[in-house]
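Results of the structural survey
Residues per chain are reported as follows:
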Amino acid sequence: MKQILTILLYLILFFTFSVLLFPDEIFSQSVEQSVDQPVVYSGSIQPDNKFFDGKLRHAIGVHTYQAFRANRILAPEGGKIGWTYNHAPFVCYWNNKFYLQYLSNPKEEHVPPGRTLLMSSEDGLNWSKPVVIFPEYQLPEHTWEGYKISNGTYSVMHQRMGFYVSPNGKLLTIGFYSVCPNPRIGPNRGQGPGRVVREIKKDGSLGPIFFIRYQKQNGWNESNTKYPFYKRSKDQEFVAACDSLLNDKLITLQWWEMDRQDDGFFNLKPKHNTKALSYYHRSDGAVVALWKWQYVALSYDNGKTWSEVSITPSILDCGSKTWGQKTEDDKYALVYNHTITRKNRFPLVAITGDDGYLFPEMYCLEGEVPPIRYQGLHKNIGYQYIRGIVEGNGNPPGSDMWLTFGMNKEDIWIARVKVPVSHIAQNHVNENFDRLKSVQDLIDWNIRILKWANVSISKDKLNKKNNVLELTDEEPYDYAKAERVIPNTEKLAIEFQVNQIKVGHSNLDFEIEDELGNRPLRLRFDPDWLSLDIGKNELDPIPFSNNKWYKIILEVDCVKQNYNLYLDDNLLKSNIPFNTRIESVNRIVFRTGPWRGDVRQSIIDGEPETLGLYFEDAPGADFKVPISIYHIDNVKTYSY
């Protein structure tokens, strides 16, 4: 037995090193031969699980916007108590608007009552307040798989599909009412009354709720459910839209996991426990199906028939959904949590390729994971259930890729990713912000905007004709961030101006980083002084005032491993040693809070997927802290 295990270990090691050393030879299969392995990550880079961004190269031009911030006391969705378990978002673009749908429970996963909410936005940055579109649903007494469900028990919602734009132009939103007698069973095993649908109209109003498919195998039908069957609608265009949805066997394959009825409706009933389907069309016409836990399949007839479901070993997800799509540059991207531990739901990565089969490049799209604020069952830490815009559900202006995800199963986020996806900066930064109307015009910057910590283009408080980059922060457990990737440079000069308008709870940090995120220096702007360095190599802080512009110049020398600091063109300190060695500078960072990228410093006890039960509610999470306001202007980098 020991000999067999030893041989298996050597084979695994041989394959692993072969992949790292000779990826082109190992993954030389053609697209036509890819039935067994429809997608392959053929690159050699793997994330470091000790860091939230995996120490990966950062994709350029990623903007992430917090669309919804959970709050138990000051409920943004209305009501006396805010619901703090928010999960599984979906996004579409229709009638010149983004629409966002997500599930919600009062505190934790699979524990009723459950409901579904809707938000909308014209620009993807500014979102309406959530409204309930599928409210709590009380069930009559019944039995499911030996579990007795009492009369009046509330359902939970569990859907893997949120929107459908029909051929006749209707926008439908879809939900699934289920029941979860035991939170560890889950609501996606064929139980519950069924799937519901309603129309979102062009003026933003909502049509009535109908059932579109009952769970007939459990005895559910129109006589014992709360809402009528869709065929009873007097709106024949709505009925036609629902008919089109039911006849689309590719898009409704997303329903299989909750439905599981053996009535001929589904073209594929996988033997495996496939969950959370996403799909895209390759250039050769094949449909690539992606499920959780590395399951994949191919269809060459648009979903009528499928290859055997297989496992792709190179896509190391963690059960937090894999999203795939063709991008506007005629390439392909898979977005998911690539994790070598199979537990941590970070970093958020994109792998890209030319043909939808081989994906040689890997980038970090986002590597900022705040602490969990609210306790709850199955509150995984990190990026949850990534989704983009399903084929046919709209195409926003521009070439960007739009994504949505949940954070810590509490907050709902939107990501706007510049296409082509790349980590290589062509030019240094030279920005005075005067030409910009909105922060969304900073297409080469990586911007992180929260409800209570904002990044914006604002007017200079001391000169109304001047535009500045403004960072504000009144968020107790997170921060705003503006990052710019630049060409790798050994000897770099950095110039910028800074004005501390108001220093409240949060301080401004400025850092430089290399491609892996190593941080050789930090400037920290405190209320009355400027302090230097992570490693406290310089003990004496420099006096600093509020409501006054200062010019900062850094001369960074990666050959000598030190830097010079100028304040208002006067040399203050020279040959300040780096805190850690780097070979070149790759990015500059402005951030309204201290760095938290090391997982080991952020997660004290417990496994990442169960931390919601390890932490108590974070004190003061429902209230803003005293505001900090910082202005930044005339940012330049250049080789010297």
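Residues numbered from 1 in each chain as written. Predicted model: local features only at pLDDT ≥ 70, side-chain atom pairs only at ≥ 80, totals over all residues. Heavy atoms only, no water.

Examining the overall build of the protein
Each helix and strand counted, the protein has six helices and 42 strands in total. The globule rule puts the C-alpha radius of gyration for 640 residues at 26 Å, and the 26 Å found for the protein is close to it. The principal-axis extents of the C-alpha atoms in the protein amount to approximately 80 × 65 × 45 Å. In the protein, once contacts between residues fewer than 6 apart in sequence are set aside, the share between residues at least 24 apart is 62%. Per element, the accessible surface of the protein, about 25,400 Å² overall, is 51% carbon and sulfur. Here the protein contributes 73 positively and 77 negatively charged side chains, and the mean placements of these two sets differ by 5 Å. (Helix = DSSP H or I, 4+ residues; strand = E, 2+ residues; numbered from the N terminus. Rg over C-alpha atoms; globule rule 2.2 N^0.38 Å. Contact = heavy atoms within 4.5 Å. Areas by Shrake-Rupley, 256 points an atom, 1.4 Å probe, with all protein chains shown as cover. Lys, Arg positive; Asp, Glu negative; His and termini not counted. Charge placed at Lys NZ, Arg CZ, Asp CG, Glu CD.)

Considering the confidence of the model for the protein
Overall, the prediction assigns the protein a mean pLDDT of 91, with 92% of residues at 70 or greater. Within the model, pLDDT remains below 50 along residues 1–28, and this stretch shows 11 contacts once partners closer than five positions in the same chain are excluded. (pLDDT = per-residue confidence, 0-100.)

As for the pairing of strand 29 (residues 445–449)
Of all the five residues making up strand 29, five are buried; the element is thus mostly covered by neighbouring parts of the structure. Alternating residues of strand 29 divide into Trp445, Ile447 and Ile449 and Asn446 and Arg448, and every residue in both groups is buried. Bridging between strand 2 (residues 62–68) and strand 29 involves three bridges; their strand directions are parallel. Residue pairing across strands places Tyr65 opposite Ile449, the latter belonging to strand 29. Where strand 29 lies against strand 32 (residues 481–489), four bridges are found, and the strand directions are antiparallel. Paired with Asn446 across the bridge in strand 32 is Glu483. (Buried < 20%, exposed > 50% of the residue type's maximum accessible area, 1.4 Å probe, protein only. Pairing = 2+ DSSP bridges.)

Comments concerning the side chain of His142
By secondary structure assignment, the location of His142 is in strand 8 (residues 142–144). Judged by its relative accessible area of 16%, His142 falls in the buried class. For His142, the side chain forms a polar contact with the main-chain oxygen of Pro140, separated by 2.9 Å. When residues no more than four places from it in sequence are discounted, the contact partners of His142 are Tyr147, Lys148, Ile149, Val179 and Trp220. (Polar contact = N/O pair within 3.5 Å; in protein donor to acceptor, adjacent residues only side chain to side chain.)

A short note on the packing of aromatic side chains
Following the criterion strictly, the structure yields 28 aromatic pairs and no others. For the pair Phe98 and Trp127, a centre-to-centre distance of 6.5 Å together with 55° between the ring planes defines the contact as tilted. Of the two residues, Phe98 sits in strand 4 (residues 97–105) while Trp127 sits in the loop between strand 5 (115–121) and strand 6 (131–134), which places them 29 residues apart along the sequence. On the basis of relative accessible area, Phe98 is assigned to the buried category, the value being 4%. Residue classification places Trp127 among the buried residues on the basis of a relative accessible area of 10%. With centroids separated by 4.5 Å and ring planes inclined at 45°, the aromatic side chains of Phe98 and Trp402 adopt a geometry described as tilted. (Phe/Tyr/Trp six-rings, centres within 6.5 Å; stacked < 30°, edge-to-face > 60°.)

A word on the sheet that holds strand 16 (residues 278–281)
Spatially, the four strands line up as an open sheet ordered 16-17-18-19, and their pairing is antiparallel. Both outer strands of the open sheet, strand 16 and strand 19 (310–311), are each paired with one neighbouring strand and no more. As defined by bridge partners, strand 16 adjoins strand 17 (residues 287–290) across four bridges and the pair is classed as antiparallel. Bridging across to strand 17, Tyr280 finds its partner in Val288.

Comments concerning the side chain of Gln500
Note on placement: Gln500 falls in strand 33 (residues 491–502). Using a relative accessible area of 0% as the deciding quantity, one classes Gln500 as buried. For Gln500, the side chain forms a polar contact with the side chain of Asn546, separated by 3.1 Å. Leaving out residues up to four positions away in the same chain, Gln500 has contacts with Phe525, Asp526, Pro527, Phe544, Ser545, Asn546, Asn547, Lys548, Ile629 and Tyr630.

Observations concerning the sheet that holds strand 34 (residues 508–513)
With respect to topology, 11 strands assemble into an open sheet ordered 25-26-27-2-29-32-41-34-35-36-37, the strand pairing being mixed. Each of the sheet's edge strands pairs with one partner strand only, and the pair in question is strand 25 (383–388) and strand 37 (542–543).

Digging into the pattern of salt bridges
Considering all chains together, one arrives at 44 salt bridges under this definition. Between Glu475 and Arg69 there is a salt bridge, and its shortest N-O distance comes to 2.7 Å. Of this pair, Glu475 sits in the loop between strand 31 (467–473) and strand 32 while Arg69 sits in the loop between strand 2 and strand 3 (85–94), and the two are 406 residues apart along the sequence. The pair formed by Glu475 and Arg69 is uniform in burial state, with each residue classed as buried. When salt bridges with common partners are traced through the structure, they connect Glu366, Glu368, Arg448, Asp478, Lys481, Glu483 and Arg596 into a single cluster. (Salt bridge = Lys/Arg side-chain N within 4 Å of Asp/Glu carboxyl O.)

Side note on a nonpolar patch on the surface
On the surface, Ile73, Leu74 and Phe623 cluster together into a nonpolar patch covering about 290 Å² of accessible area. Position of Phe623 relative to the elements: it lies in the loop between helix 6 (611–614) and strand 42 (628–639). Among the residues examined, Phe623 registers a relative accessible area of 42% and is labelled partly exposed. (Patch = residues over 30% accessible without salt bridge, like charges linked within 9 Å, V, L, I, M, F, W, Y side chains within 5 Å.)

Digging into helix 3 (residues 236–247)
For helix 3, spanning 12 residues, the distance from its first C-alpha to its last is 16 Å, which sits close to the expected 16 Å at 1.5 Å a residue. Within helix 3, the full set of buried residues consists of Phe238, Val239, Ala241, Cys242, Leu245 and Leu246. Around the axis of helix 3, the buried residues are gathered within 160° of arc, so they sit on the same side. For helix 3, exposure combined with an orientation more than 90 degrees from the buried face picks out Gln236 and Asn247. In this structure, the buried residues of helix 3 make contact with strand 12 (163–165), strand 13 (171–178), strand 14 (194–200) and strand 15 (210–214). Taking the backbone nitrogen of Glu237 as reference, a side-chain oxygen 3.1 Å away marks Asp235 as the first, capping residue of helix 3. (Expected span 1.5 Å × (residues − 1). Arc of directions from axis to C-beta.)

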